[in-house]
Amino acid sequence: MVVTVDGPAGSGKSTIARRVATRLGFTYLDTGAMYRAVTLAALEKGVPLGDGPELGRLASRLQLRLDDAGPAPSGESQSRVFLGPRDVSLEVRSPEVTAAVSEVSAHAAVRSAMTELQRRLAGRGQTVMEGRDTGTVVWPEAEVKVFLTASPEERARRRLLQLKARGLTAEQEQVKREMLRRDAWDSGREVAPLRKAEDAVEIDTSHLTIEQVVERVVVLVKEAKAKGGAV
Ligand code: DC
């Protein structure tokens, strides 16, 4: 069984997907972390962010590994990310990577390399995957699809808290502007734009607690299992 959780930045995907995976004993797959790793490698190697073919080559050669054994230094819900032997969990969440990731992930060549890897990883067993296109492109046959939303103000507030927890300072208006810019890139790109799959269940998390959202998703999974006769 595969559960997909898509939505814009700050809608609660990582926190919810990780907790649902823990509750169900499923593997958690953070596809955003993968695009962030490609972006970090591109910035370090000086590959121009507009060079799709070169970024695609970089993405398909990347020695990328995600590890969910324990909480990452960047926050409880995020995966540890490795490039070769290097733990880059903190670097992939830096403001520089965050500012560049939407442009890098808009290239078709980058997306096809990452989508292939995501399908391979999710194909190993029961998985909760989160991102922008997991229910529409990566795993459209998922048994349960969720699309999370929240107001821009609430999403900016959450991002600010995350940054503060990491000792970074920022201003809420600036975080909101940056987030809306990323939303526009992610929703406006030609390949696999952020959008709700027709058969996804939309949950507005603005006024819900994490536990309430997790509970709703777990109920959806239980209902899907009952329907499929695989309780
Ligand atoms: O969820 P996140 O903030 O870590 O995602 C970082 C960026 O990666 C996001 O702005 C767009 C891109 N992304 C994507 O294009 N497709 C995905 N499935 C996941 C993330």
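Residues numbered from 1 in each chain as written. Predicted model: local features only at pLDDT ≥ 70, side-chain atom pairs only at ≥ 80, totals over all residues. Heavy atoms only, no water.

1. Focus on the packing of aromatic side chains
Reasoning step 1: Summed over the entire model, instances satisfying the criterion amount to zero aromatic pairs.
Reasoning step 2: The side chain of Arg-65 reaches across the aromatic face of Phe-82, ending 4.3 Å from its centre. (Phe/Tyr/Trp six-rings, centres within 6.5 Å; stacked < 30°, edge-to-face > 60°. Lys NZ or Arg CZ within 6 Å of the ring centre and 35° of its normal.)

2. A closer look at the site of the ligand
Reasoning step 1: In the vicinity of the ligand there are 16 residues, among which Arg-36, Arg-111, Asp-133, Arg-182 and Arg-189 approach most closely.
Reasoning step 2: Residue Arg-111 places a side-chain N or O atom 2.8 Å away from an oxygen atom belonging to the ligand.
Reasoning step 3: Arg-132 has a polar backbone atom sitting 3.0 Å from a nitrogen atom of the ligand.
Reasoning step 4: Within the complex, the protein chains bury 99% of what would otherwise be the 450 Å² of accessible surface of the ligand.
Reasoning step 5: Elements with a contribution of two residues or more to the shell around the ligand: α2 (31-45), α4 (95-105) and α8 (172-188).
Reasoning step 6: A total of four residues in the shell around the ligand trace back to one element, the largest contributor, which is α2.
Reasoning step 7: Grouping the constituent residues of the shell around the ligand by class yields two nonpolar, five polar and nine charged. (Near = heavy atom within 4 Å. Polar contact = N/O pair within 3.5 Å; in protein donor to acceptor, adjacent residues only side chain to side chain. Areas by Shrake-Rupley, 256 points an atom, 1.4 Å probe, with all protein chains shown as cover. Helix = DSSP H or I, 4+ residues; strand = E, 2+ residues; numbered from the N terminus. Nonpolar A, V, L, I, M, F, W, Y, C, P; charged D, E, K, R; others polar.)

3. Quick look at the side chain of Arg-111
Reasoning step 1: Along the chain, the position of Arg-111 falls in helix α5 (residues 108-122).
Reasoning step 2: Overall, the relative accessible area of 3% leaves Arg-111 in the buried class.
Reasoning step 3: Residue contacts for Arg-111: discarding those within four places in its chain leaves Tyr-35, Ser-105, Asp-133, Arg-189, Val-191 and Ala-192. (Buried < 20%, exposed > 50% of the residue type's maximum accessible area, 1.4 Å probe, protein only. Contact = heavy atoms within 4.5 Å.)

4. Section: helix α9 (residues 210-228)
Because an α-helix packs 3.6 residues into every turn, residues spaced three or four apart end up facing the same way.
Reasoning step 1: With 19 residues, α9 extends 27 Å between its outermost C-alpha atoms, agreeing within 8% with the 27 Å of an ideal straight helix rising 1.5 Å per residue.
Reasoning step 2: Regarding α9, the residues found buried are Val-213, Val-214, Val-217, Val-218 and Val-221. In a view along the axis of α9, the buried residues occupy a sector of 135°, so they form one face of it. When the buried face of α9 is taken as reference, the exposed residues oriented beyond 90 degrees from it are Lys-222 and Lys-227.
Reasoning step 3: On the buried face of α9, the contacting elements are β1 (2-6), α1 (13-24), β7 (144-149) and β8 (201-204). (Expected span 1.5 Å × (residues − 1). Arc of directions from axis to C-beta.)

5. Considering the sheet that holds strand β3 (residues 64-67)
Reasoning step 1: Taken in spatial order, the three strands of this open sheet run β3-β4-β5, and their pairing is antiparallel. Where the open sheet ends on each side, the last strands, each with one partner, are β3 and β5 (86-87).
Reasoning step 2: Here four bridges tie β3 to strand β4 (residues 80-83), and the two strands are oriented antiparallel to one another. Residue Arg-65 lies in a different strand from β4, and its bridge partner there is Phe-82.
Reasoning step 3: Most of the contacts of α2 go to β4, to which it runs at about 40°, and overall it touches β3, β4 and β5. (Pairing = 2+ DSSP bridges. Axes fitted to C-alpha atoms, helices over the stretch in contact; angles between N-to-C directions.)

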